Structures are given as C-alpha cells and as structure tokens.
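# An overview of the molecular structure
The primary structure of each chain is shown beneath.
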Amino acid sequence: MSIKVLISNTLWSTINHVFSRGILMLSGILLAKYLIPKDFAIYSYYQMTMVMISSYAALGLGVAASKFFAEFSVCKDNQENRDTITTLSGISLIFSLVVAVGIFFIPNKLLGADLGIPSYIFAISVLNIGLNLIPNCAILSFEKYKKTTLISLINGIFCLIGVYLAIELNQVYYSIYFFIIACSVQLIGQSYLISKSLNGISFKNRFMIKKKSLLRIFSFLGPLVLVSILTALSGWIIGRSLLSIYGEYIFSVYSIGLQWFALALFIPGMISRVILPRLIRGNIENSDNKKILKISCGISLLFSFTIFLLGYISRDYLIGFYGSYYQEYKNIIIFFLLIAVLYAPANTLGNAIVAKLGSLPWLIITLIWFVLLLLTFYICIAKYNIMAAIYSQGVATFTLLMLSYFLCKKKGLL
C-alpha cells in the first residue's frame, strides 16, 4: 500500500465521516447549547446505550467482516471466501434481530436510567446499526470511500434536520428520530454500492449460512466477541455510574468530554479503518507492512497531539460552544484530548495485532485495560467526582499503549 493510496483513502474516509459522524458531534454541541441539561443527557445517554447494545449485537463481527471481505476482494472466485461472507451476513442479520427483540424484555427502568427513553427507540436503533455493520465493513474492504460521499452527506443532512426540529420545538426526541432515519438511508445506499462488488452473488443467497463457514468465522471471532463487549461496556458503566451518583449535569459534562475525545481520534480512527484490510491482504500477499504501520502510528499521534495543543490554546472558548451551563468544567475537554493522544496509536497497533497475530493477544490486552479502568474509577469516584473518569482513562490507556507497543516490537510488527 503506497503512502499516496493511504492518504487518498484516509482523506475520502474522513470526508465521509465528517458528513455523518462529524455532524453527529456538531449535533451534540447544538443540543447541549440550546436545550436544558436533562434533554442533552437524554440524547447523550441514548447514543451511549445504543453503542453499547449494538456492540452486543455485533459481537466483534466488524473486524471479522473487514478480514473476510478483504480476503474476498483478493480472491472473488474462491468458493470458501464466497460462502464465508454470505454466512457472515446471515449471522449479523440474526444477531441484530435477536438483540432488537430482546430489548423489549429488559425493564425500561434498567435500560432507560429513569430518563424515560422508550424501549422501541433502542430496539429500532440497534437493529438499524446492526444491519449497517456488514455493508460498512464491506465498503472499507472494497475501498469505495469516494462513492459513499453522497450517502454520508445525505446522512448528515437528516441528522441536522432532526437537531433543528428538536431545538425549534424544544423536543429532543426529534434529533433521535432523524438519526434513525439517517442510519436507514446509509444502510440502503451502502448495500446498493457493495451489491455491484459481490461478483454474481444474488440477493437471496447473500445471507445463506454454511456450516463449514461458521466454524471458520467463529474460530477467528471468539476473542473479538469479548473485545467488542468490553470496549462498549466500559464507557457505559462509567457514564451510568456518574449519572446515578452525581446526576444529569455531571453525566452531561462527561458526555462533552467524550465528544472531544472522539474528535481527537477522528483521523487516527480513519487511518486505522483504512489500513486494517490492507494488513490482512498483506498476510495473503506476503507483503511487509512495517513501514506503513509506523507511518500510520506517526500520523495518528501527530494529529491527536495537534488537536490537543489547539484545544489547550483555545480552552477558554471551547466550552462556550455548549453555553453557560458548563463553564465550570472547561478543563475536562483538555483532559480527554490528552488521553486521546495516548489512545490514537494504540488503536492502530491493535489492528496490526489482530491482523498479524490473531484476536486472542488483543483480547488479553483489552481485558487488562478494562479491569484497570474500572478498578481505578471505582477507587477514585467517591473522592474525585468526574475526575475519577479522567484518572481511570489515563492510567488504563497508558497501559494499553505500552502493552500494544511492546508486543508489536517483540513480534517484529514494528
């Protein structure tokens, strides 16, 4: 993979996410600024819970899809590869339906955290996100970044329409409803694009499950199931604990910090998404990926550190985006940006570990991170309020980075 291709793919992937997920952050800023903290807490808790539940529905299928679609893109006529991707699509459909239906059996008080969010909203959202998973990963593997730009733009427009209505009508649920519509538009558009790259696989056979392929998928998928669950569950546990102990205001502050954490990881995330299929192809084609991995880590680190410096310089203005409610906690954004500097290269190294060494080593590292994160958080929460989230994230993320780096160095990946 040349540097030119890496930059081009990353650029188009970034544009797509600016139109979709980037606008999602803008939506959060506008809702925090113009709605009361309780309404913003409803929106933030919905997003956080949806991501957590969707990870249960995905069960690590995202990385598996990147792996098997990347292999299919190299050898489209290989019957084993064809059976694997249809089986993968069938599994994803079943998991999404099961989890969506299962939501209705969870007590709303447990799921909605006394914020009154109806269960059907979570069910529809999770089904939507789950069905989007395979097409989204296929887009990455087929490298159709440029062709998805229009879809992402439409996605973002629907999100902004929902935000506008929520503010104008003082009803936060409009932003949620239009987010669901945006996800549906994305699903239809991406499914149409990848249908042209499936090399004659008809729609009725696209979800056909084969026993042999099941064994192949789950032998790779096993550890990733836990990785997916642990990653999503960690943020939800911390957010839910802050909401229960300190209320909606502190939870909203935590949500603001997570927004900027996501922003600092925006380009690193794009790089990580772009290189994963290439690393997997490198295994097939016996390519040396050391150079591209080092460059990717360097770019990720540089970008996240630049965002941190810009955030530090403009720290007195950033919190103003959210209105006067949150002036007291302007430094929270800076702390989360600093943690993102540590996390940025770790994510890229994690993909290299999965691609080259398998998913079990990454599960072990993630498990250490998860235990350390929650242990530090609950030790600190009674005394340090929201800073407990900062301390725990900092300690756990530094450990994650060091373990990932030394493993990659030891195994010759760097």
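Given the structure is predicted, the values throughout are model-derived calculations rather than measurements.

Moving on, we come to the state of the cysteines. Summed over all chains, the structure comprises 0 disulfides. Of all cysteine sulfurs, the one in Cys159 lies closest to Cys183, which takes part in no disulfide; the gap is 6.9 Å.

Under the counting rule described, the total for this entry stands at 14 aromatic pairs. With a centroid separation of 5.1 Å and 75° between ring planes, the pair formed by Phe377 and Tyr378 is classed as edge-to-face. Take Phe377: its relative accessible area is 0%, and that puts it in the buried class. The exposure class of Tyr378 is partly exposed, given its relative accessible area of 41%. Put simply, the rings of Tyr254, Phe261, Phe336 and Tyr343 touch in pairs and so form one group of aromatic residues. Here the guanidinium or amino end of Lys33 rests over the ring plane of Tyr34, the centre of that ring lying 5.9 Å away.

This next bit is on unusual backbone geometry. Phi angles above zero are rare outside glycine, and Asn170 is one such case at about 55°. The exposure class assigned to Asn170 is exposed, which follows from its relative accessible area of 52%. The phi dihedral of Asn385 falls on the positive side, at around 60°, and the residue is not glycine.

A cluster of nonpolar side chains, namely Val101, Phe104, Phe105, Tyr120, Ile124 and Tyr177, defines an oily patch on the protein surface of about 650 Å² accessible area. Residue position: Tyr120 is located in helix α6 (residues 119–142). The class for Tyr120 is partly exposed, based on a relative accessible area of 38%.

In this section: the confidence of the model for the protein. Across the protein, the average pLDDT comes to 81, with 84% of residues at 70 or higher. Across the protein, element-level confidence peaks in helix α16 (residues 387–410) with a mean pLDDT of 93 and bottoms out in helix α11 (residues 266–285) with 61.

The rules behind each value
Residues numbered from 1 in each chain as written. Predicted model: local features only at pLDDT ≥ 70, side-chain atom pairs only at ≥ 80, totals over all residues. Heavy atoms only, no water. Disulfide = S-S within 2.5 Å. Phe/Tyr/Trp six-rings, centres within 6.5 Å; stacked < 30°, edge-to-face > 60°. Buried < 20%, exposed > 50% of the residue type's maximum accessible area, 1.4 Å probe, protein only. Lys NZ or Arg CZ within 6 Å of the ring centre and 35° of its normal. Patch = residues over 30% accessible without salt bridge, like charges linked within 9 Å, V, L, I, M, F, W, Y side chains within 5 Å. Areas by Shrake-Rupley, 256 points an atom, 1.4 Å probe, with all protein chains shown as cover. Salt bridge = Lys/Arg side-chain N within 4 Å of Asp/Glu carboxyl O. Helix = DSSP H or I, 4+ residues; strand = E, 2+ residues; numbered from the N terminus. pLDDT = per-residue confidence, 0-100.

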